[in-house]
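Residue strings, one per chain:
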Amino acid sequence: MAQRDPYEVLGVSRSASADEIKSAYRKLARKFHPDVNRDDPAAEDKFKEASNAYEILSDDEKRARFDQYGTTDGVPQDPFFNGGNAGGFGDLFDMFFGAAGAQQGGRRRSASQDGDDLRADVQVSFKEVLTGVTKEIEVERTTNCDSCNGNGVEGGGQAPQCGNCQGSGVVTAIKSTFLGQVRTQTVCSRCSGSGFLITNPCKKCAGKGVRAITETVTVNIPAGVETGNRIQMAGHGAAGIRGGRPGDLYVFLHVPEDGPFVRHGQHLLTGYDVTVAQAILGDEVTIDGIEGELGFDIPAGSQPGQQVILKGQGLPPIHGGKRGDLVVELTVVIPKKVTETEASLMRDFAELRGEKIPKGKDGFLGGIFGKKK
Ligand SMILES: [Zn+2]
Ligand SMILES: [Zn+2]
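Residues numbered from 1 in each chain as written. Chains lettered and ligands numbered in written order. Predicted model: local features only at pLDDT ≥ 70, side-chain atom pairs only at ≥ 80, totals over all residues. Heavy atoms only, no water.

Caption draft 1: Molecular detail of the confidence of the model for the chain. Of the residues in the chain, 84% reach a pLDDT of 70 or more, and the chain-wide mean stands at 82. Taken as a whole, residues 74-110 scores under 50 in pLDDT and shows 72 contacts with residues more than four places along the chain or in a different chain. Predicted confidence for residues 366-373 stays below pLDDT 50, and this span has six contacts to residues more than four positions away or in other chains. (pLDDT = per-residue confidence, 0-100. Contact = heavy atoms within 4.5 Å.)

Here it is, written out as structure tokens:
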């Protein structure tokens, strides 16, 4: 951030008194504080600028240096001084707005913790994919302790602020370095950064503010889902702590290959064995579809691997619309052994068609033919 004249930033004269400077800063800080301008990222920059200006003009030594040199070189600016985030302005903010302001401010907010998201896995059959299905699943998660309203304090009141860090969870120290004075922040050791010290923990949850439950969650699974789809159940994750929001539950769907069907998106592929006679002459047959028996025609003159497409017997698309197809791939099953009569008919068949009459080998009763010759 290019440094602007701090007097200009705060809109005060060069001869402004400490009170005038404080009052000008206070107005700007209220106007641009990130917590009241969450939708306006430019406000944070203005807030930082005002805070930097105030850091200079509220410090007699820095103000004098600025007045003399028109700069505060040697006075570390953002990010050294302010840590690059609004948290660094915390104690200025506290000074003006008091503890109540601080509770709504960025620093105190860090004491609340949003709950974790959870994952559940659910199996869905092809038949369920066809129509959609409602499933009840059991989820083990935490919920806010009802005895202490999630605060962890016996009786349900607010947890008392940690005196060591005034509820901020961090302890600030000013160190002199070759860059000038650098403010460092460390996690408060007394409250481990929570900002609270619970002296009278809730007996029901031992001060944790949450307890474990098994929740039955009803999941509405739409038609057309496939493996990898997930359904987000807002607020069914782990409980937030000290006013944090609960996490979400993500239900991951698994649609295993079901029976003889292989899925290709909305289409299903399956195989069907036909005899040589069926392949040659054609036939009417039935097959088990996902909803039950389906009749279909094997065309005369079917070739091995030929596909018969049963329109609209596949799966529906996830956003609604026409079902895909069931594709039946034909396998022509050639007999591995035939009797002498069958062999004779095959030879006649070949002869009728003007084909070369096969001599026959193993499996074609070649031995017997051999003996007969
Ligand atoms: Zn409790
Ligand atoms: Zn503390």
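Caption draft 2: Quick look at the pairing of strand 10 (residues 283-288). Pairing analysis gives six bridges linking strand 10 to strand 11 (residues 293-298), with the strands arranged antiparallel. If you follow Glu 284 over to strand 11, its bridge partner there is Asp 297. Counting the residues that bridge the hairpin from strand 10 to strand 11 gives four residues, and of these Gly 292 lies at a positive phi of roughly 140°. (Pairing = 2+ DSSP bridges. Helix = DSSP H or I, 4+ residues; strand = E, 2+ residues; numbered from the N terminus.)

Caption draft 3: Seen up close, the coordination of the zinc ion (ligand 2). Protein coordination of the zinc ion (ligand 2) is provided by Cys 162 (SG), Cys 165 (SG), Cys 188 (SG) and Cys 191 (SG), with donor distances spanning 2.3 Å. In this structure, the zinc ion (ligand 2) is surrounded by four donor atoms whose angles at the metal cover 102 to 115°, and the resulting shape is tetrahedral. Mapped onto the sequence, the residues coordinating the zinc ion (ligand 2) show the spacing C-x2-C-x22-C-x2-C. Of this pair, Cys 162 sits in the loop between strand 2 (133-144) and strand 3 (170-177) while Cys 188 sits in the loop between strand 4 (180-187) and strand 5 (210-221), and the two are 26 residues apart along the sequence. Here Cys 162 falls in the buried class, since its relative accessible area comes to 0%. Judged by relative accessible area, Cys 188 falls into the buried class, the value being 1%. (Donors = N, O, S within 2.8 Å, 3.2 Å for Na, K, Ca; no water. Tetrahedral: all angles 85-135°; square planar, octahedral: opposite > 155°, others 65-115°. Buried < 20%, exposed > 50% of the residue type's maximum accessible area, 1.4 Å probe, protein only.)

Caption draft 4: Here's a closer look at the sheet that holds strand 9 (residues 267-275). Strand order in the open sheet made by the four strands is 8-9-13-12, with mixed pairing throughout. The sheet terminates laterally at strand 8 (262-264) and strand 12 (307-310), the two strands that pair on one side only. Each strand of the sheet is rotated relative to its neighbour by a mean of 35°, with strand direction disregarded. Both strand 12 and strand 13 (residues 326-333) contribute to a ladder of four bridges, which runs antiparallel. Paired with Gln 307 across the bridge in strand 13 is Glu 329. (Axes fitted to C-alpha atoms, helices over the stretch in contact; angles between N-to-C directions.)

Caption draft 5: The arrangement of the coordination of the zinc ion (ligand 1) in detail. Protein ligation of the zinc ion (ligand 1) involves Cys 145 (SG), Cys 148 (SG), Cys 202 (SG) and Cys 205 (SG), the donor distances falling in the range 2.3 Å. Note that the zinc ion (ligand 1) binds four donor atoms; their angles at the metal cover 104 to 115°, and the shape is tetrahedral. Sequence spacing of the donor residues for the zinc ion (ligand 1), all on one chain, is C-x2-C-x53-C-x2-C. Here the residue Cys 148 occupies a position in the loop between strand 2 and strand 3, and Cys 205 occupies one in the loop between strand 4 and strand 5, the gap between them amounting to 57 residues.

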